[in-house]
Amino acid sequence: MAGSGYYGAPAMRKTRFVCVSDTHNGSPHGAFKLPKGDVLIHAGDMTNQGSYTELQKTVRWIAEADFEVKIVIAGNHDITLDSDFYTQYGSYFHNQNPQDIDKCKELLAQESSILWLKHEAAVVKLESPNGPRTTFKVFGSPLSPAKGMWAFGYKTEEAANIWDRIPLDSDIVVTHTPAKYHCDETQQRRSAGCESLRNALWRIRPRLAICGHIHEGRGSEIIKWDLDISNNKYKELGVDRWEDPGKDNKKMSLVDLSFKGKSPLQNDGSVGDWTSEMTESQYPVPILAPEMKPPNPKRRSKSSSPQRTVEQGISHVTTALSAVPPETLPNTSRGQGGIPPSKRCDLEALSGRLGRKETCVINAAIMASSWPHGSGGKRYQKPIVVDIDLPLWEE
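These numbers come from a predicted model, not from an experiment. (Residues numbered from 1 in each chain as written. Predicted model: local features only at pLDDT ≥ 70, side-chain atom pairs only at ≥ 80, totals over all residues. Heavy atoms only, no water.)

**A word on the overall build of the chain**
In terms of helices and strands, the chain carries seven helices and 17 strands. For the chain, buried positions account for 55% of its 395 residues. Sequence-distant contacts in the chain: of pairs separated by 6 or more residues, those separated by 24 or more amount to 71%. (Helix = DSSP H or I, 4+ residues; strand = E, 2+ residues; numbered from the N terminus. Buried < 20%, exposed > 50% of the residue type's maximum accessible area, 1.4 Å probe, protein only. Contact = heavy atoms within 4.5 Å.)

In structure tokens:
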């Protein structure tokens, strides 16, 4: 049953995401159970050290999982999937049995049921006649702040440029690292996420931001973005923290963001209307209220698969937005709230996108303990299930 959130918006339908991360060789055959859903997302650290045997076992259970689409990114422990890192440091891990990087990558690349994202975006259409037949744009990246001798690390000074590459029209952002201050608290009560990623999320404001990496940070919360204040950059109004209905019982760990739930997510997924050629006099005034906005442009795909349609890379709309280099925006206004067309606010992030008011963050770490880094052995947590309304792709 499809429904519409407001006048002129595309028809919406509930879509169920089952989110896992940091399985570290664990599988649904023993360590945890996978609830049913439409889309499976794995946010990295599938293995302990990325060996061919480890990856083979993980790819097998993901391929066998009964989901229409399975989206995967690597993590810092999946070391053979980072060619540069493994070439330099692989002998420290696999001195007695060096791994073939190409064969390890082929396990994921050649599995047609898995969408493996490597700091890139894809448009997904769920086309199964028994599925929701919805569409969404997802960006996925294995990168995380460098710490110790592990893969996919980046330096602090590189972070802003790295996360600026996320398309602004992304509905879902999947990263191995959490954003700073959101589901990233360690056992030492330290916030271990990335500040530049948090800043990027303010600009993008995706519906979902899915991560892992910090096992103790497992959970979910909704960020309410402050888009009005112009004297404080990347500001938040507040955070609503999730209480796990599946804690210490047999229930699902469900985050219900759907219209039928008690608190639907306040995010219309609008793609924006600002371009570098626009002047203040050309800006469409008055600004339409959310209930009067026209429907989002239809996102098409070239794939002929009857089960799903995936367009790798950046969509036409995003290409237009991304073609504007950051330097064309005043540095003083980047990340700044306000009301378009004022040049004092971040026009690219806000113009035509004020309906993106909230983002739900999910740290889906399955491994509960700090293993394999610390003591305590292996302890596992449940996958986090997310119900959210997404636009239908069909006429």
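Okay, back to it.
**Some remarks on the nonpolar core**
Counting residues in each nonpolar core, the largest one holds 57 residues, and the members touching the most others are Leu40, Leu81, Leu108 and Trp163. Setting aside residues no more than four positions away along its own chain, tryptophan 163 makes contact with His119, Phe139, Ser141, Leu143, Tyr154, Thr175, Thr177, Cys194, Ser196, Leu197 and Ala200. One finds Ile41, Ala43, Leu126 and Val255 within the second-largest nonpolar core, a separate group that totals 31 residues. (Core = buried A, V, L, I, M, F, W, Y, C linked by side-chain atoms within 4.5 Å.)

**So, the layout of surface pockets**
Any empty space left between the atoms is revealed when a probe the size of a water molecule rolls over them. Within this model, the second largest pocket holds a volume of roughly 490 Å³. Lining the second largest pocket are 19 residues, with Glu216, Gly217, Arg218, Gly219 and Ser220 sitting closest to its centre. Ranked by residues supplied to the lining of the second largest pocket, first place goes to strand β12 (residues 219–225) with three residues. Residue composition of the lining of the second largest pocket, by class: three nonpolar, six polar and 10 charged. (1 Å grid on protein atoms, 1.4 Å probe; cavity = no way out; pocket = protein on both sides within 12 Å on 5 of 7 lines; lining within 4 Å. Points joined across faces, edges and corners; volume = space filled by probe spheres on them. Nonpolar A, V, L, I, M, F, W, Y, C, P; charged D, E, K, R; others polar.)

**A word on empty space enclosed by the protein**
All told, the structure shown has one cavity of 30 Å³ or more when counted by the stated rule. In this structure, the largest cavity is lined by Val173, Thr175, Thr177, Pro178, Ala179, Leu197, Leu201, Ala209, Ile210, Cys211 and Val361. Going through the elements one at a time, β10 (172–175), α5 (195–204) and β11 (208–211) are the ones with two or more residues in the lining of the largest cavity. Among the elements that line the lining of the largest cavity, the one with the most residues is β11, at three residues.

**Let's talk about α5**
Most of α5 is tucked away: nine of the 10 residues are buried. Among the residues making up α5, those that are buried are Ser196, Leu197, Arg198, Asn199, Ala200, Leu201, Trp202, Arg203 and Ile204. In the core, the buried residues of α5 are packed alongside α4 (159–163), β10, β11, β12, β13 (236–241) and α7 (347–350). Directly after α5, the chain includes arginine 205, whose backbone phi takes a positive value near 55°.

**Concerning the packing of helix α1 (residues 52–64) against helix α3 (residues 101–109)**
Where α1 contacts α3, the axes come no closer than 10 Å and their chain directions differ by 5°. Classified by the angle between their axes, α1 and α3 sit roughly parallel to one another. Across from Tyr52, Leu55, Gln56 and Val59 in α1, the residues of α3 making contact are Lys103, Cys104, Leu107 and Leu108. (Axes fitted to C-alpha atoms, helices over the stretch in contact; angles between N-to-C directions. Parallel < 35°, antiparallel > 145°, perpendicular 65-115°, else oblique.)

**With respect to the environment of glycine 335**
Residue placement: glycine 335 occurs in the loop between α6 (316–322) and α7. With sequence-adjacent residues up to four places away left out, glycine 335 is seen in contact with Trp202, Arg203, Lys233, Tyr234 and Asp346.

**Focus on the side chain of aspartate 387**
Residue position: aspartate 387 is located in strand β17 (residues 384–391). For aspartate 387, a relative accessible area of 3% puts it in the buried group. In this structure the side chain of aspartate 387 is engaged in a polar contact, spanning 2.7 Å, whose partner is the side chain of arginine 16. Here aspartate 387 is in contact with Lys14, Thr15, Arg16, Leu254, Val255, Asp256, Leu257 and Ser258, once residues within four sequence places are set aside. (Polar contact = N/O pair within 3.5 Å; in protein donor to acceptor, adjacent residues only side chain to side chain.)

**As for the pairing of strand β14 (residues 253–256)**
On a regular strand, one side chain projects to one face of the sheet and the next to the other, so that they alternate. Every second residue of β14 is oriented toward a common face, the buried set being Ser253 and Val255 and the non-buried set Leu254 and Asp256. Of the strand pairs in this sheet, β14 and β17 are connected by four bridges, and their pairing is parallel. Bridge pairing in β17 links serine 253 to isoleucine 384. (Pairing = 2+ DSSP bridges.)

**Observations concerning the pattern of salt bridges**
With the rule as written, the count across this model stands at 17 salt bridges. In this structure, the salt-bridge partner of arginine 218 is aspartate 244, at a minimum N-O distance of 2.7 Å. Placement of the pair is arginine 218 in the loop between β11 and β12 and aspartate 244 in the loop between β13 and β14, with a sequence separation of 26 residues. Among the residues examined, arginine 218 registers a relative accessible area of 17% and is labelled buried. A single network of salt bridges, built from pairs that share partners, joins Lys14, Arg16 and Asp387. (Salt bridge = Lys/Arg side-chain N within 4 Å of Asp/Glu carboxyl O.)

**Structural notes on the packing of aromatic side chains**
The final tally for this structure, using the stated rule, is eight aromatic pairs. Here the aromatic rings of phenylalanine 85 and phenylalanine 93 are separated by 6.1 Å at their centres, their planes lie at 55°, and the arrangement is tilted. Taken individually, phenylalanine 85 and phenylalanine 93 each receive the classification buried, so the pair is uniform in this respect. Here the aromatic rings of tyrosine 89 and tyrosine 92 are separated by 6.3 Å at their centres, their planes lie at 45°, and the arrangement is tilted. With tyrosine 89 and tyrosine 92 both in helix α2 (residues 83–93), this residue pair falls three residues apart, about one helical turn. Under the relative-accessibility criterion, tyrosine 89 is labelled partly exposed at 28%. Judged by relative accessible area, which is 61%, tyrosine 92 ranks as exposed. Grouped by ring-pair contacts, the aromatic residues Phe85, Tyr89, Tyr92, Phe93 and Trp150 constitute a single cluster. In this structure, lysine 118 is placed above the aromatic ring of tryptophan 116, and the distance from its NZ or CZ to the ring centre is 4.4 Å. (Phe/Tyr/Trp six-rings, centres within 6.5 Å; stacked < 30°, edge-to-face > 60°. Lys NZ or Arg CZ within 6 Å of the ring centre and 35° of its normal.)

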